[in-house]
Structure formats: C-alpha cells, structure tokens
Amino acid sequence: MNRTLFWLLTIISIFWITLNVYLLPFHIWTAGVVYPWFITQGLTLYKDVIWLRMPFDLFLLSGWYQVFGATGQAYQLFIWLLLVVLSAAVLRLRRTEDQRVRIGAFLFFNIVVFPLFLNVEVGELLVGVLVFFLFLVGLRAFSGGKQVWIFVTGCLAGLVVVTKQNAALVALVPYLFCFGRGGIRKSIIYSLGVFTPVLFVALYFFFRGALYDFLYYSFFTVIGPYRNFELITHGDGLFIELAYGVLALPLVLFWKRLGVKRETVIWLVFLIIALVPSLFPSYLSYRTFTSFALISVIAGHTL
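Residues numbered from 1 in each chain as written. Predicted model: local features only at pLDDT ≥ 70, side-chain atom pairs only at ≥ 80, totals over all residues. Heavy atoms only, no water.

### Quick look at the side chain of S291
Working step 1: For S291, the position within the fold is in the loop between α11 (262-274) and α12 (292-302).
Working step 2: When near neighbours in sequence (up to four residues on either side) are disregarded, S291 contacts E241, Y244, I272 and L275. (Helix = DSSP H or I, 4+ residues; strand = E, 2+ residues; numbered from the N terminus. Contact = heavy atoms within 4.5 Å.)

### Let's talk about the pattern of salt bridges
Working step 1: One pass over the structure, following the stated rule, counts 4 salt bridges.
Working step 2: Between R53 and D57 there is a salt bridge, with the nearest N and O atoms lying 3.3 Å from each other. D57 shares its class with R53; the two are buried.
Working step 3: Here K164 ties to E124 by a salt bridge, and the two come within 2.5 Å at their closest N and O atoms. (Salt bridge = Lys/Arg side-chain N within 4 Å of Asp/Glu carboxyl O. Buried < 20%, exposed > 50% of the residue type's maximum accessible area, 1.4 Å probe, protein only.)

### Describing the packing of helix α6 (residues 122-141) against helix α7 (residues 147-161)
Helices that pack against each other are described as a pair by the angle of their axes relative to one another and the distance between those axes.
Working step 1: At their nearest, the axes of α6 and α7 sit 9 Å apart, and the two run at 160° to each other. It follows from the interaxial angle that α6 and α7 lie roughly antiparallel. Where α6 crosses over α7, the handedness of that crossing is left-handed. Residues V127, L130, V131, F133, L134, V137, G138, R140 and A141 of α6 touch α7, and the partners they reach there are W149, I150, V152, T153, L156, A157, L159 and V160.
Working step 2: Considered class by class, the residues forming the contact of α6 with α7 number 14 nonpolar, 2 polar and 1 charged. (Axes fitted to C-alpha atoms, helices over the stretch in contact; angles between N-to-C directions. Parallel < 35°, antiparallel > 145°, perpendicular 65-115°, else oblique. Left-handed = near helix turned anticlockwise from the far one by under 90°. Nonpolar A, V, L, I, M, F, W, Y, C, P; charged D, E, K, R; others polar.)

### Quick word on helix α1 (residues 3-23)
Working step 1: Between its first and last C-alpha atoms α1 spans 30 Å; for 21 residues at 1.5 Å apiece the expected length is 30 Å, and the two agree.
Working step 2: When we look at burial in α1, the residues that qualify are F6, L9, T10, S13, I17, N20 and V21. Along α1, the residues classed as buried sweep out an arc of 105° about the axis, all on the same side. Opposite the buried face of α1, at more than 90 degrees from it, the exposed residues are T4, I11, F15 and L23.
Working step 3: Next to the buried residues of α1 lie α4 (72-92) and α5 (99-117). (Expected span 1.5 Å × (residues − 1). Arc of directions from axis to C-beta.)

### Considerations on the environment of V90
Working step 1: For V90, the location among the structural elements is in helix α4.
Working step 2: If we skip the residues at most four places from it in the chain, V90 touches R102, A105, F106, F109, F132 and A293.

### Notes on unusual backbone geometry
Both trends apply: most residues other than glycine have a negative phi, and most peptide bonds are in trans.
Working step 1: The phi dihedral of Y46 falls on the positive side, at around 75°, and the residue is not glycine.
Working step 2: In this structure, Y46 sits in the loop between α2 (30-40) and α3 (56-68).

### What to know about the nonpolar core
Working step 1: Counting 95 residues, the largest nonpolar core has Y75, L83, F132, F135, L271, F289 and L294 as its most contacted members.
Working step 2: By residue number, the principal contributor to this core is α6, which donates 14 residues.
Working step 3: Other than its neighbours up to four places away in sequence, L83 contacts I17, V21, F109, V113, F114, L125 and F289. (Core = buried A, V, L, I, M, F, W, Y, C linked by side-chain atoms within 4.5 Å.)

### Quick look at helix α8 (residues 183-207)
Working step 1: In this model, α8 (25 residues) spans 36 Å end to end at C-alpha, consistent with the 36 Å of a helix rising 1.5 Å per residue.
Working step 2: Along its length, α8 reaches its greatest deviation from straightness, about 25°, at T196, and the proline P197 lies no more than four positions downstream.
Working step 3: Turning to α8, its buried residues are G183, S187, I189, Y190, G193, V194, P197, V201 and F205. (Bend = angle between axes of the 7 residues up to and from the residue.)

### Focus on the confidence of the model for the protein chain
Working step 1: Averaged over all residues, the pLDDT of the protein chain is 89; the fraction at 70 or higher stands at 92%.
Working step 2: Mean pLDDT per element in the protein chain: helix α9 (residues 211-227) is the minimum at 79, and α3 is the maximum at 97. (pLDDT = per-residue confidence, 0-100.)

### Some words on the packing of α1 against α4
Working step 1: The interhelical angle for the contact between α1 and α4, taken along N-to-C directions, is 150°, at an axis separation of 10 Å. Relative to α4, the element α1 lies roughly antiparallel. Crossing of α1 against α4: the hand is right-handed. In this structure, α1 contributes F6, L9, T10, S13, I14, I17, T18, V21 and Y22 to the contact, and α4 contributes Q76, L77, W80, L83, V84, S87, A88, L91 and R92.
Working step 2: Looking at side-chain class alone, the contact of α1 with α4 contains 12 nonpolar, 5 polar and 1 charged residues.

### Re the packing of aromatic side chains
Working step 1: Enumeration according to the criterion identifies 29 aromatic pairs in this entry.
Working step 2: For the pair F142 and Y190, a centre-to-centre distance of 6.4 Å together with 70° between the ring planes defines the contact as edge-to-face. One end of the pair, F142, is in the loop between α6 and α7; the other, Y190, is in helix α8, with 48 residues separating them in the sequence. The exposure classification of F142 matches that of Y190, with both residues buried.
Working step 3: Centroid distance Y204 to F205: 4.9 Å. Interplanar angle 80°. Geometry classified as edge-to-face. (Phe/Tyr/Trp six-rings, centres within 6.5 Å; stacked < 30°, edge-to-face > 60°.)

### Overview of a nonpolar patch on the surface
Working step 1: Side chains of F15, W16, L19, Y22 and L23 sit close together on the surface and give an oily, nonpolar patch of about 530 Å² of accessible area.
Working step 2: Within the secondary structure, F15 is located in helix α1.
Working step 3: Owing to a relative accessible area of 55%, F15 belongs among the exposed residues under this scheme. (Patch = residues over 30% accessible without salt bridge, like charges linked within 9 Å, V, L, I, M, F, W, Y side chains within 5 Å. Areas by Shrake-Rupley, 256 points an atom, 1.4 Å probe, with all protein chains shown as cover.)

In structure tokens:
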C-alpha cells in the first residue's frame, strides 16, 4: 500500500471515528474518571480504594488526566485516541499482506465497530489494542525475527494480564511457537517479557504497602463470582462470540485456498479462543471488543 492511500484512508477513518464518538450518545464510564482521579490525589488502589480489576488501564488514565484533567471529556478523548490508533494499525497490518486484505479488514473494522461497540469501556478497548499489537509483533518475532521482538511480545502479553485478569490466557498462546530449534531460549525470553510488567506492578504496590490488598482484590475476590457464573444470564456476548466463530470458520477450513499462512491462522484463532474468558462473569456484549480487531483481519481474508 502506497503512503498516499494509507494516509487518505487514515484521515477518512479519523473523521468517521470523530463523528461517531462526538455526535452519537457516548457513555462516560464514571469509574474510568473517578478512580484514576483518586490515583492522581495520592490514593492507592486496593488499599485506599476497593478495586476488583487489574490496574494498568487506570494507571494510563491517571497519567492522561494529569495533562487533560479528570473530566468526562478527557475520558472521551482517550477512547477516541485508542480507536484511531487501532484503526490505523488494522489498516497498516503487515507489509506482507495483500492490499485487498488490509483494506477489507480496515473497512470491516470501521463499519461494524460503532453499531456494536460505541460504548466500549476503556479496559476492554485497551486489551483489544494490546492483543492486536501482540498479534502483529508476535507473528514477526516467531517467524525468524530478532529475539528482542520475542521479548516485546512477552511485554505486550504481560500488559494484557495487568489490564484484565480474565484475559490472561492470551499470554499462553505464543508458547505454541516455542517448539523446535531454540524453543527453550525463546520460551525464556518470552517469559521474561511477560514477567516484566507484572513485576513492575507488584513492586509498585509493594512499596505502597498494598501488595496483599492488590492480590486479595484482583485475584482472590473474583474467584467466587467466576466460579458461580451462569451462561447467558446477563449480556449477549456469547452470541457475538458465536458470530465470530462463524466468520472465522472459512479461514480455518480453507486457509490454503485463501492464501493465508498457517502461522497467521494459528495466531488469530488461538488468540480469539483465549479471549473468550474475558466475557466472564457478565457476558456483556462490549466485552467481545477484545478480539474485534482480530476478527476484522479474518474478515479481510474471507469476505
């Protein structure tokens, strides 16, 4: 794809995202404004303020609010920025991909995203961004790229873990590519990458005197609700996941005819499967956003 076409489509995407985010009814997630503001005021999550999810998205928002202020408008701008970044990443995809695939994925993403996910919360949106970059970087890293990219892949997986604990299975997918020659070395480098963000978060709460509170509220407290969940009692997220599966089926069955590399299929399918638990325990539809960019790539190949 030549640079002129890329920037033209990116500008159109920015215009389209702006129209939808700012002209349609937009839900400002109250917790996404209040809890990061608590952090800016010197309070510590889990210790001073009860919080049941992982903290990375709130850390990012607290830094964002230091610049733009803790307001609903600043939250809305942050969501807008993440959508723009993800849309551009879907369009850019990989240079080895056919231009038709990249434009198809880009169009699917921009056309479908707002009817389904206009009011996606920042945690799910951030996981979607991180997982998509994990897919792009991981595909490069485990296909003969420099070992530093394996470490970066691990760091991205670790950031997913410290954003939402129910998306942690994503961190296991790259191990599928650690077999064969140099597999142990790759596993070690990747594991160090995964461990790095987790270590920084743990050290932060340790020095804030809140490590026990962090472990208690982000891990032990959620075990009960996840253990006692009931299927399809709240949202319709499982129906959207089923639609994802239907869309992915032609890629799984006919990947050779479609000219898709086996490694690409494995990455896409297993990442999407690993993200299914991110629906727990409510199954709300917006939680399926975590794998939407990956589904857009599949749509670019199959539609």
